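Here is how the chains run, residue by residue.
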Protein chains: 2
Amino acid sequence: MEKINSGPKRTHCIDCPLRRKSHFRDLNEEELAFVDGFKVGELSADPGATIFSQGTNSAHIYTILDGAAFRFKILEDGRRQILNYVFPGDMVGLQSFLMGEMQYSVESLSNLRLCVFERGRMMTLFEKHPSLAYDVTWLAAREERMLDENLLSVGRRTALERIAYFLAFLYRRAMAVGLADGTRLDLPITQRHVADTLGLSLVHTNKTLRRLTDRGLARWRDSSCEVLDPDGLQELAGWEGLSDTPRPFI
Amino acid sequence: MEKINSGPKRTHCIDCPLRRKSHFRDLNEEELAFVDGFKVGELSADPGATIFSQGTNSAHIYTILDGAAFRFKILEDGRRQILNYVFPGDMVGLQSFLMGEMQYSVESLSNLRLCVFERGRMMTLFEKHPSLAYDVTWLAAREERMLDENLLSVGRRTALERIAYFLAFLYRRAMAVGLADGTRLDLPITQRHVADTLGLSLVHTNKTLRRLTDRGLARWRDSSCEVLDPDGLQELAGWEGLSDTPRPFI
DNA sequence: CGTTATCTTGACTGAAATCAATCCCGGTGG
DNA sequence: CCACCGGGATTGATTTCAGTCAAGATAACG
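The rules behind the values
- Just so you know, the residues in each chain are numbered from 1, in the order the chain's sequence is written.
- Chains and ligands are labelled sequentially in the order written, the chains with letters from A and the ligands with numbers from 1.
- At least 70 in pLDDT is required for a residue's local features to be given in this predicted model, at least 80 for side-chain atom pairs to be given and counted, and no such filter applies to totals for whole chains, interfaces and linings, which use all residues.
- Side-chain figures throughout are based on the complete set of non-hydrogen atoms in the structure, without hydrogens or water.
- An automatic or database domain assignment supplies the start and end points of every domain.
- Whether two residues are in contact is decided by their heavy atoms: any pair within 4.5 Å suffices.
- Buried area: the accessible area, evaluated with a 1.4 Å probe, that two parts lose upon being put together, summed over both parts.
- Any carboxyl oxygen of Asp or Glu that lies within 4 Å of a side-chain nitrogen of Lys or Arg is treated as forming a salt bridge with it.
- Contacts described as polar in this section are N or O atom pairs within 3.5 Å, which, within protein, must combine one atom able to donate a hydrogen with one able to accept it, while residues neighboring in sequence count only if both atoms come from side chains.
- Think of it this way: any DSSP run of H or I at least four residues long counts as a helix, any run of E at least two long counts as a strand, and we number them from the N terminus.
- Whenever a pair of cysteine sulfur atoms sits within 2.5 Å, that pair is classed as a disulfide.
- The classification of residues rests on relative accessible area computed with a 1.4 Å probe and restricted to protein chains. Under 20% of the type maximum is buried, over 50% is exposed, and intermediate values are partly exposed.
- In this count, Pro and Cys sit with the nonpolar residues alongside Ala, Val, Leu, Ile, Met, Phe, Trp and Tyr, while Asp, Glu, Lys and Arg are called charged and the others, Gly among them, polar.
- DSSP-based pairing: two strands are paired if at least 2 bridges between them are found.
- Helix axes use the C-alpha atoms of the stretch in contact, all axes being lines fitted to C-alpha atoms, and the angles between their N-to-C directions lie in the range 0 to 180 degrees.
- Residues are classed as near a molecule or strand on a simple rule: at least one heavy atom within 4 Å of it.
- Only residues with pLDDT of at least 70 in both copies contribute their C-alpha atoms to the least-squares superposition of the copies.
- UniProt positions are given in the numbering used here, feature names are shortened, and annotations may be inferred rather than shown by experiment.

**Student:** Can you help me understand the domain arrangement of chain A in this one?
**Tutor:** Buried accessible area, meaning the area lost when the parts come together, often serves as the stated size of an interface. Residue and element names in this part refer to chain A. As far as domains go, chain A holds domain 1 (4–148) and domain 2 (157–237). One C-alpha centre belongs to domain 1, the other to domain 2; they are set 25 Å apart. The partner domain 2 presents 16 residues to the 19 residues of domain 1 that form the contact. Considering only the side of domain 1, the residues that lose the most area to domain 2 are Tyr85, Phe87 and Leu109, jointly responsible for 39% of the buried surface there. On the surface where domain 1 and domain 2 come into contact, there are two salt bridges. The salt bridge partner of aspartate 196 is arginine 80, with a shortest N-O separation of 2.8 Å. Inspection of the domain 1/domain 2 interface yields eight residue pairs in polar contact (both at pLDDT 80 or more). The element that contributes the greatest number of residues to the side of domain 1 that touches domain 2 is strand S6 (residues 80–86), accounting for six residues.

**Student:** What's the story with the state of the cysteines in this structure? I'm lost.
**Tutor:** What makes a disulfide is a covalent bond joining the sulfur atoms belonging to two cysteines. All names here are of chain A. For the coordinates displayed, the defined rule picks out zero disulfides over all chains. No disulfide involves cysteine 13; its sulfur sits 6.3 Å from that of cysteine 115, the nearest cysteine. In this structure cysteine 13 comes out as buried when scored by relative accessible area, which is 10%.

**Student:** So what exactly am I meant to see when it comes to the interface of chain A and chain B here?
**Tutor:** Counting residues at the interface gives 49 residues for chain A and 49 residues for chain B. Summing both sides of the interface, chain A and chain B together bury roughly 4700 Å²; the carbon and sulfur share of this comes to 61%. On the surface where chain A and chain B come into contact, there are 10 salt bridges. Along the contact surface separating chain A from chain B lie 23 residue pairs in polar contact (both at pLDDT 80 or more). Counting residues per element, the side of chain A that touches chain B draws most heavily on helix H4 (residues 130–156) of chain A, at 21 residues. By residue class, the composition of the side of chain A that touches chain B is 22 nonpolar, nine polar and 18 charged.

**Student:** Can you help me understand the sheet that holds S6 of chain A in this one?
**Tutor:** Sheets are built from strands paired through backbone hydrogen bonds, the pairs being either parallel or antiparallel. All names here are of chain A. With respect to topology, four strands assemble into an open sheet ordered S3-S8-S5-S6, the strand pairing being antiparallel. Two strands close off the open sheet at either side, each with one partner strand: strand S3 (50–52) and S6. Averaged over all neighbouring strand pairs, the angle between strand axes comes to 35 degrees, with direction disregarded. As paired strands, S3 and strand S8 (residues 105–108) are joined by two bridges and run antiparallel to one another. Within S8, the residue paired with phenylalanine 52 across the bridge is valine 106.

**Student:** Would you mind showing me how to read the protein's contact with DNA strand C here?
**Tutor:** Taken together, 14 residues surround DNA strand C, and among them Gln191, Arg210 and Trp220 of chain A together with Ser201 and His204 of chain B come closest. Interatomic distance of 3.0 Å between a side-chain N/O atom of asparagine 206 of chain A and a phosphate oxygen of DNA strand C. Separating a phosphate oxygen of DNA strand C from a side-chain N or O atom of arginine 210 of chain A is a distance of 2.5 Å. Every element with two or more residues in the surface near DNA strand C is listed here: helix H7 (202–214) of chain A together with helix H7 (202–214) of chain B. In terms of residue count, H7 of chain A provides more of the surface near DNA strand C than any other element does, four residues in total. In terms of residue class, the surface near DNA strand C is made up of five nonpolar, seven polar and two charged.

**Student:** How should the relation of the copies chain A and chain B be read in this particular structure?
**Tutor:** For these two chain copies, the linking operation is a rotation about an axis paired with a shift along it. With an RMSD of 0.0 Å, the fit of chain A onto chain B corresponds to turning through 180 degrees and sliding 0.0 Å along the axis. Expressed as a symmetry operation, the mapping of one chain copy onto the other fits a two-fold axis. Looking at chain A, 100% of its interface residues are interface residues in chain B too, so the copies touch through the same face.

**Student:** Please explain the protein's contact with DNA strand D as it appears in this structure.
**Tutor:** Around DNA strand D, a shell composed of 15 residues is seen, among which Ser201 of chain A together with Gln191, Asn206, Arg210 and Trp220 of chain B lie nearest. Of all atoms in DNA strand D that approach within 4 Å of the protein, 68% are sugar or phosphate atoms. A distance of 3.0 Å separates a phosphate oxygen of DNA strand D from a polar atom in the backbone of serine 201 of chain A. A distance of 3.3 Å separates a phosphate oxygen of DNA strand D from a polar atom in the side chain of histidine 204 of chain A. Put simply, the parts of the chain that give the surface near DNA strand D at least two residues each are H7 of chain A together with H7 of chain B. It is H7 of chain B that provides the largest number of residues to the surface near DNA strand D, a total of four residues. Its residues assigned to classes, the surface near DNA strand D comprises five nonpolar, eight polar and two charged.

**Student:** Can you walk me through the sheet that holds strand S5 (residues 69–74) of chain B in this structure?
**Tutor:** Residue and element names in this part refer to chain B. Strand order across the open sheet formed by four strands is S3-S8-S5-S6, with antiparallel pairing between neighbours. The sheet terminates laterally at strand S3 (50–52) and strand S6 (80–86), the two strands that pair on one side only. On average, each strand axis in the sheet is tilted by 35 degrees relative to the strand beside it, whichever way the strands run. As judged from the four bridges shared by S5 and strand S8 (residues 105–108), these two strands associate in the antiparallel manner. The residue bridging alanine 69 from the neighbouring strand is serine 108, located in S8. The sheet contacts of helix H4 (residues 130–156) involve S5 and S6, and relative to S6 the element is tilted by about 140 degrees.

**Student:** Would you explain the UniProt feature "domain: Cyclic nucleotide-binding" (unreviewed entry) in chain A in this entry?
**Tutor:** The UniProt record marks residues 23–100 of chain A with the feature "domain: Cyclic nucleotide-binding" (unreviewed entry), using the residue numbering of this structure. Summarising residues 23–100 of chain A: 21% helix, 41% strand, and an end-to-end C-alpha distance of 32 Å.

**Student:** In this structure, what is going on with the pairing of strand S12 (residues 218–221) of chain B? I would like to understand it.
**Tutor:** Consecutive side chains of a regular strand alternate in pointing toward one face of the sheet and then the other. All names here are of chain B. Sheet topology places S12 next to strand S13 (residues 224–227); four bridges connect them, and they run antiparallel. Counted as the bridge partner of alanine 218 is valine 227 from S13. Where S12 folds back on S13, the antiparallel hairpin that results is connected by two residues, among which aspartate 222 adopts a positive phi of roughly 25 degrees.

Pasting the structure below:
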């Protein structure tokens, strides 16, 4: 079922499809050349594959090229908390470079393609390319910002507000990287994922989702969801939305 | 009541009291000289003072020299979620440097002394001192790691486990920087803070705390708390604890 | 076709929220 | 000196939101 294929480097950074999206801030030629050398390969994974495992030490850092995945932690008895989602242009595994052991796991949601970087060469990036080091830090700060908002939701929003926030959040992020067209999220996400992201039970998630459907804000269709009124959802959740200034990626 | 005093630079980095603590990884002379020039002053604040305010743009970045504070977000109707605590050696405000507007607030818990850095000069740090840039990123990754664990607590642990986790967490951090002696936390923390950190109501926090007291794990005394059995609390929460390798600070 | 995963609903239970008093203690000012 | 006040901690009674249990419905799949 799960399958991970490590292949040779297929795409050169010059031809990186992400460069063409207006959502991203492009690199200059010199940076591009460095990153291209920094990249040691590509990895592709089927849905449900484990990319990183809590408690292990990885020699690699990844950037998502295509598809989506999620970061999560589990307690001994199996309770799972999804921490955040990773989309094209996002980096995962920085923690293992900086602090050794991973304290979370990553699993692919859809078919995934990743750029592979060697963690041992990361230090060179800091030494030779301050602008890229800055970008890495920027990405870390962005992750922190998303986690802050998530924590606010799980800690202080009601079930209805939480789901409203989360669907709007996913929709905005997916839109930005082309993983949603129109109202439909192009991700095989289940209600189990929603529940585990928001600290709710599956049943209660389902019932609360129905209330959103009744209000015409969102709808569930074959293992994916349709976000009919993102503004309405944000309003309901009291969420400001994401900044839409172009962001860096490596 | 609240008071913030901006004073001249008092302590030179050479004499920084944090350098002497084994918890921290010290800087070399060259780095020290740079940071000393980077520091533009010191700030002291009474308990309850607002250091940063959600929605504003700050020209400064701070490192805690002494005392403790906390980061939080509030919803329009006043619901508050405490995101994390900041202790000596921790940096706050990096987000404003990297991404503009602050999306959280910071309030002092005890008497606070902060080193003030100018955000405009941060870029120079990345350009001239890769090792310090690395440290900044390291601190960001550490914050992310703490937020991950917090999110797991709030989302998936029971009230009893949450409080056990949180008291052990605070105790370990306070111990590492000398803000706890023996069992007693040297911070004026209230049960309101605990409740707002863990997404619980004040009343339920109080009742759950009683259960911990009955088990002899912790105890509340005049606006502060005593952590009698940190290992027992960690065990109860199913928490691994914090890494105790020396950490950088700036 | 069974089989398995996901979604859906209803009935019941339970953990945590809310409401409402008290209590305690350290100011503060008459 | 002592009454008054306010912030925090406590406790009991009640309510409610969300969890658990249970049973189907639906649909993709080998």
